[in-house]
Amino acid sequence: MGKRWVMAAGLLALAACGRPSAEAAHATGTAGGTLKAVRERGYVNCGASTGAVGFGAPDDSGYWRGLDVETCRAVAIAVLGDKDKARFVPLTGQQRLTALQSGEIDVLPRTTTWTLSRDANGVNFTFPNYYDYDGIMVRKSLGVSNSHDLDGASVCVQTGSTTEVTFTNLVAGVAPHLKAVIFDSTQATRQAFFSGRCDALITDASGLASVRATMASNPDDFVIFPADGKLSPLTPAVRHGDDQWFDIVKWSFQALLMAEELGITQANVDTMRQSKDPTIRRFLGVEPGNGAALGLDEDWTYRIVKQLGNYAEVFDRNVGAGSPLKLERGPNRLFRDGGLMVPLAFN
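Residues numbered from 1 in each chain as written. Predicted model: local features only at pLDDT ≥ 70, side-chain atom pairs only at ≥ 80, totals over all residues. Heavy atoms only, no water.

Participant: I'd like a rundown of the state of the cysteines, residues and numbers included.
Facilitator: What the rule picks out here adds up to 2 disulfides. Each disulfide pairs two cysteine sulfurs, and for C46 the partner residue is C72, the sulfurs being separated by 2.0 Å. Across the S-S bond of C46 and C72 the torsion is about -85 degrees, and the bridge reads as left-handed. Note that C46 is positioned in strand 1 (residues 44-48) and C72 in helix 4 (residues 67-80), a separation of 26 residues in sequence. Exposure class is identical for C46 and C72. Each is buried. Each sulfur in the disulfide pair C156 and C198 lies 1.9 Å from the other. One quick way to see it: the torsion about the S-S bond of C156 and C198 is about 90 degrees, and its sign makes the bridge right-handed. Of this pair, C156 sits in strand 7 (residues 154-158) while C198 is found in the loop between helix 8 (186-194) and strand 9 (200-204), placing the two residues 42 residues apart along the sequence. (Disulfide = S-S within 2.5 Å. Helix = DSSP H or I, 4+ residues; strand = E, 2+ residues; numbered from the N terminus. Buried < 20%, exposed > 50% of the residue type's maximum accessible area, 1.4 Å probe, protein only.)

Below you can see the structure in the form of structure tokens.
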């Protein structure tokens, strides 16, 4: 538990840091003006994957669904009162940070790993909404179950992603004869793997689970194993320079975690508003203060839970037991349950 606490505490400390820059001014007309711009526009522009079922992809009717999608919908609810006042801009790994920095989008919740170089380059990371690890997927018939045994194989790698670094580290460390086959988009990388152009596919393990569930004719023909055993915090981000917007995005996600911590669900949230517990009353805005602190309506957290549920509910229907991916919570459990998700106090 000690290591988990150190990682969680470190990330929370980093998330509290931010420094002003010119990017927000270019994007909104005035530094600190994202909230005003979003309200005048009437919707939040959200960066999205080009297609990662479970995290961000349109369904058969064109409605966007996924863990990252609902993270952004929580922001739309907090600011505009309606989960559907969010629009999604599909972005490749190369496009995503530029789109955020230029003001094309207001928030980037798209499977982006929190790294120093990104944090120092015009981006503020909020709180991780999913802890993942870089994984490798191969055909079961290959008879490989670890990175060392994969040496000499060809690997499909997407440029502009942190998995490029992971691949380089694997070559330098345990598999010097690995061969990279580089592609510039998620879809091209995946299609190349399934067409047999590469022996293996490397990306976030959650992304591999999504690919296996949706693109493989028989998912049982493929196995996934860790590339290097290191956790990656996939973290929504905003531009430098607008502290109010930074706070709103951070606490919109925290509302999902705290609702789970307090046992508040989409089904019981109306009943919970009648609670005598001062912690619950403050959280749901029955006792005022939290809304005014962020420039929001006092019932913004109530509306998030009413429309989306808590983090456990969001996780389950998108990537957990209630989804085709059926991923375990693992490090994405609340801290009290042995995970890395730490709800912060709403007071």
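Participant: Describe the pattern of salt bridges, naming the residues involved and giving the relevant values.
Facilitator: Considering all chains together, one arrives at 12 salt bridges under this definition. The closest approach of N and O atoms between E287 and R281, which form a salt bridge, is 3.4 Å. Residue E287 is classed as partly exposed on the basis of its relative accessible area, which comes to 30%. Overall, R281 belongs to the partly exposed group, its relative accessible area being 21%. (Salt bridge = Lys/Arg side-chain N within 4 Å of Asp/Glu carboxyl O.)

Participant: Provide a residue-level description of the packing of helix 4 against helix 14 (residues 300-308), including the pertinent values.
Facilitator: At a minimum axis distance of 9 Å, the contact between helix 4 and helix 14 shows a crossing angle of 140 degrees. The orientation of helix 4 with respect to helix 14, classified from their angle, is oblique. Note on packing geometry: the crossing formed by helix 4 with helix 14 is right-handed. Mapping the contact onto sequence places E70, R73, A74, I77 and A78 in helix 4 and W300, R303, I304, Q307 and L308 in helix 14. Within the contact of helix 4 with helix 14, the residues separate by chemical class into 6 nonpolar, 1 polar and 3 charged. (Axes fitted to C-alpha atoms, helices over the stretch in contact; angles between N-to-C directions. Parallel < 35°, antiparallel > 145°, perpendicular 65-115°, else oblique. Left-handed = near helix turned anticlockwise from the far one by under 90°. Contact = heavy atoms within 4.5 Å. Nonpolar A, V, L, I, M, F, W, Y, C, P; charged D, E, K, R; others polar.)

Participant: Residues and numbers for helix 10 (residues 243-262), please.
Facilitator: For helix 10, which comprises 20 residues, the first-to-last C-alpha distance of 27 Å matches the rise-based estimate of 28 Å (1.5 Å per residue) to within 8%. In terms of residue burial, helix 10 counts as a mostly covered element, since 15 of its 20 residues are buried. Count one or two residues on from helix 10 and you reach G263, which has phi positive near 75 degrees. (Expected span 1.5 Å × (residues − 1).)

Participant: A description of the sheet that holds strand 9 should follow, citing residues and the corresponding values.
Facilitator: Here we have 5 strands laid out as an open sheet, ordered 8-7-9-6-10, and mixed in their pairing. At either end of the open sheet lies a strand with only one pairing partner, and these are strand 8 (179-183) and strand 10 (222-234). Across the sheet, the mean angle separating the axes of adjacent strands is 25 degrees when strand polarity is ignored. Here strand 6 (residues 130-139) pairs with strand 10 via 9 bridges, running antiparallel. When the bridges of strand 10 are listed, V138 appears paired with V223. (Pairing = 2+ DSSP bridges.)

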